[in-house]
Amino acid sequence: MIIDGKAVAREVQKEIKEEIEGLKRRWGMVPGLGVVLVGDDPASHLYVRLKEKSCKEVGIQSREHLLPASVSEKELLSLIHNLNQDKEIHGILVQLPLPAHIRSEKILEAVSPQKDVDGFHPFNQGMLLLGGEGFKPCTPMGIMKLLDSIGCDPKGKNVTVVGRSNIVGKPVALMLLARHATVTICHSRTARLKDEVGRADILIVAIGKAGLVRGDWIKPGAVVIDVGSNRLPSGKFAGDVEFESAKERASWISPVPGGVGPMTICMLLFNTLRAAKESLQREG
Ligand code: NDP
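Residues numbered from 1 in each chain as written. Predicted model: local features only at pLDDT ≥ 70, side-chain atom pairs only at ≥ 80, totals over all residues. Heavy atoms only, no water.

**Q** For this particular structure, what's the right way to read the overall build of the protein chain?
**A** Across its full length, the protein chain carries ten helices and ten strands. Projected onto its principal axes, the C-alpha positions of the protein chain cover 50 × 45 × 40 Å. Every one of the 284 residues in the protein chain was classed for burial, and the buried ones make up 48%. A separation threshold of at least 6 residues defines the contact pool for the protein chain, and within that pool the share at least 24 residues apart is 70%. Total accessible area on the protein chain stands at roughly 14100 Å², and carbon and sulfur atoms take up 53% of it. (Helix = DSSP H or I, 4+ residues; strand = E, 2+ residues; numbered from the N terminus. Buried < 20%, exposed > 50% of the residue type's maximum accessible area, 1.4 Å probe, protein only. Contact = heavy atoms within 4.5 Å. Areas by Shrake-Rupley, 256 points an atom, 1.4 Å probe, with all protein chains shown as cover.)

**Q** Looking at this structure, I do not really get the nonpolar core. What am I missing?
**A** Across soluble globular proteins, nonpolar side chains have a tendency to be buried as a group. Ranked by internal contacts, the top residues of the largest apolar core, which has 51 residues, are L33, I143, L147, L176, I204 and I225. The element contributing the most residues to this core is helix α10 (residues 260-283), with ten residues. Excluding residues that lie within four positions of it along the chain, L176 makes contacts with M144, L147, P154, V159, V161, A181, V183 and I204. (Core = buried A, V, L, I, M, F, W, Y, C linked by side-chain atoms within 4.5 Å.)

**Q** Can you walk me through the layout of surface pockets in this structure?
**A** Summary: where empty space remains is shown by rolling a probe the size of a single water molecule over the atoms. Volume-wise, the second largest pocket comes out at about 470 Å³. In this structure, the second largest pocket is lined by 22 residues; those nearest its centre are L128, K136, M141, M144 and M175. Counting only elements with at least two residues in the lining of the second largest pocket, the list comes to α5 (122-130), α6 (138-149), α7 (169-178) and α10. For the lining of the second largest pocket, a count of residues per class yields twelve nonpolar, four polar and six charged. (1 Å grid on protein atoms, 1.4 Å probe; cavity = no way out; pocket = protein on both sides within 12 Å on 5 of 7 lines; lining within 4 Å. Points joined across faces, edges and corners; volume = space filled by probe spheres on them. Nonpolar A, V, L, I, M, F, W, Y, C, P; charged D, E, K, R; others polar.)

**Q** Help me understand the sheet that holds strand β1 (residues 32-38) in this model?
**A** What holds strands together in a sheet is hydrogen bonding between their backbones, with the strands either parallel or antiparallel. The strand order across the open sheet formed by three strands is β2-β1-β3, and the pairing between neighbours is parallel. The outermost strands of the open sheet, each flanked by one partner alone, are β2 (61-67) and β3 (91-94). Within the sheet, the average angular offset between the axes of one strand and its neighbour, ignoring direction, is 15°. When β1 meets β3, the two strands line up parallel, connected through four bridges. Of the residues in β3, the one forming a bridge with V36 is V94. Those strands touched by helix α2 (residues 42-58) are β1, β2 and β3, and its axis lies near 170° from that of β1. The sheet contacts of helix α3 (residues 73-85) involve β1, β2 and β3, and relative to β1 the element is tilted by about 175°. (Pairing = 2+ DSSP bridges. Axes fitted to C-alpha atoms, helices over the stretch in contact; angles between N-to-C directions.)

**Q** Hey, could you run me through the sheet that holds strand β5 (residues 182-186) in this one?
**A** The strand order across the open sheet built from five strands is β5-β4-β6-β7-β10, with neighbouring strands paired in parallel fashion. What marks the edges here is a single partner per strand, and that holds for β5 and β10 (252-253). Against the sheet, α6 contacts β6 (202-205) and β7 (223-226), and its axis sits at roughly 150° relative to β7. Here α7 sits on the sheet in contact with β4 (158-162), β5 and β6, set at roughly 170° to β4.

**Q** Is there a simple way to think about α10 in this case?
**A** Owing to its 3.6 residues per turn, the α-helix brings residues three or four apart onto one side. Over its 24 residues, α10 runs 35 Å from end to end, which matches the ideal 34 Å to within 8%, given 1.5 Å per residue. With its phi angle positive at about 75°, G284 sits one or two positions after the end of α10. (Expected span 1.5 Å × (residues − 1).)

**Q** I'm lost on empty space enclosed by the protein in this one. Help?
**A** Within this structure, the stated rule accounts for one cavity of 30 Å³ or more. Computed from the structure, the largest cavity encloses a volume of approximately 50 Å³. Lining the largest cavity are I92, V94, L108, V111, D116, D118 and F120.

**Q** Explain the packing of aromatic side chains here, please?
**A** Each aromatic ring pair is specified by the distance between its two centres and by the angle formed by the two planes. Using the criterion set out here, one finds zero aromatic pairs in the structure. The ring of F135 carries R274 above its face, with NZ or CZ at 4.4 Å from the centroid. (Phe/Tyr/Trp six-rings, centres within 6.5 Å; stacked < 30°, edge-to-face > 60°. Lys NZ or Arg CZ within 6 Å of the ring centre and 35° of its normal.)

**Q** Whenever I open this one, unusual backbone geometry confuses me. Can you help?
**A** For residues that are not glycine, phi is negative in most cases, and the peptide bond is trans in most cases. Following L96, the chain continues to P97 via a peptide bond in cis, the omega torsion being 0°. Mapped onto the elements of the fold, P97 is located in the loop between β3 and α4 (104-110). With an omega of 0°, the peptide bond running from V256 to P257 counts as cis. Structurally, P257 is set in the loop between β10 and α10.

**Q** Explanation requested: the side chain of H121 in the structure shown.
**A** Within the secondary structure, H121 is located in the loop between α4 and α5. Here F123 takes part through its backbone nitrogen, which lies 2.8 Å from a polar atom of the side chain of H121. (Polar contact = N/O pair within 3.5 Å; in protein donor to acceptor, adjacent residues only side chain to side chain.)

**Q** Quick question: what am I supposed to make of the environment of V38 here?
**A** Along the polypeptide, V38 turns up in strand β1. As a C-alpha pair, V38 and Q125 span 87 residues in sequence and 24 Å in three-dimensional space. If we ignore the near neighbours within four places in the chain, the residues touching V38 are L67, P68, A69, V71, L76, L98 and P99.

Printed below as a string of structure tokens:
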């Protein structure tokens, strides 16, 4: 069966919207998201537009800061500093990638961990490792929600995660471990990827290479979450898993587009709402 990420995202978004309406009614509070976009990469602009549209739909006020690719690291740090101080901004999103002359890690470290709705700050990444309550990265959170939506409990299952990036592979592996899965992480130097894939009751693929995972590698009945988002020469998007053959073997599979993508945005809204609620609590 196909996992309908759009439908799951719609449901979660409805709950977020209701909660935001409650915040406005009770406390007169409007959650605010500061969006920082550097340069003119068309994909980044597209992602930011989609995120802003979703913010509007649920009642989050997003404030965009568009900066030229020539901006200096110092100027960018000063903007982040201002956003950290801004009482109307509860979450900060720095769209990656940043231009090569800017050290991304410096910028991400400058974001207040309390406003780090992307969950990329070392403090929050560390909290995830330790099993604490920090902000978690949006795509892995979305993947966990998708698994929950089909009643798939990772406990005791063999899970193979292909990809070890800091934003998808590593954090999702930690979240699955926290839910008692037996997790294998694969990457470009993995010796027998096909065998590792074939062992998986749950397969999470986040590589960035269209159709690299073949359908006939997949264990019959496995749950497959395809994170890959690859633009084909035709302009269409495809996942990292060969969808047509994989869907014949998997019990559940997420499509591209319409699987993980909508969930990522949804979790950004969730984290922004959470940041706003936590700021209310801090203010007493
Ligand atoms: P990265 O490029 O940061 O990481 C890719 C990972 O894949 C690396 O760990 C790399 O291994 C591994 N890899 C590359 N080639 C192979 C191979 N032949 N066999 C096994 N592993 C391989 O990518 P991201 O994690 O940022 O993103 C992955 C994909 O997910 C992309 O298509 C991206 O667009 C998509 N994505 C989608 C999102 C959504 O919301 N839908 C959000 C985020 C990402 P190594 O570490 O050894 O180099």
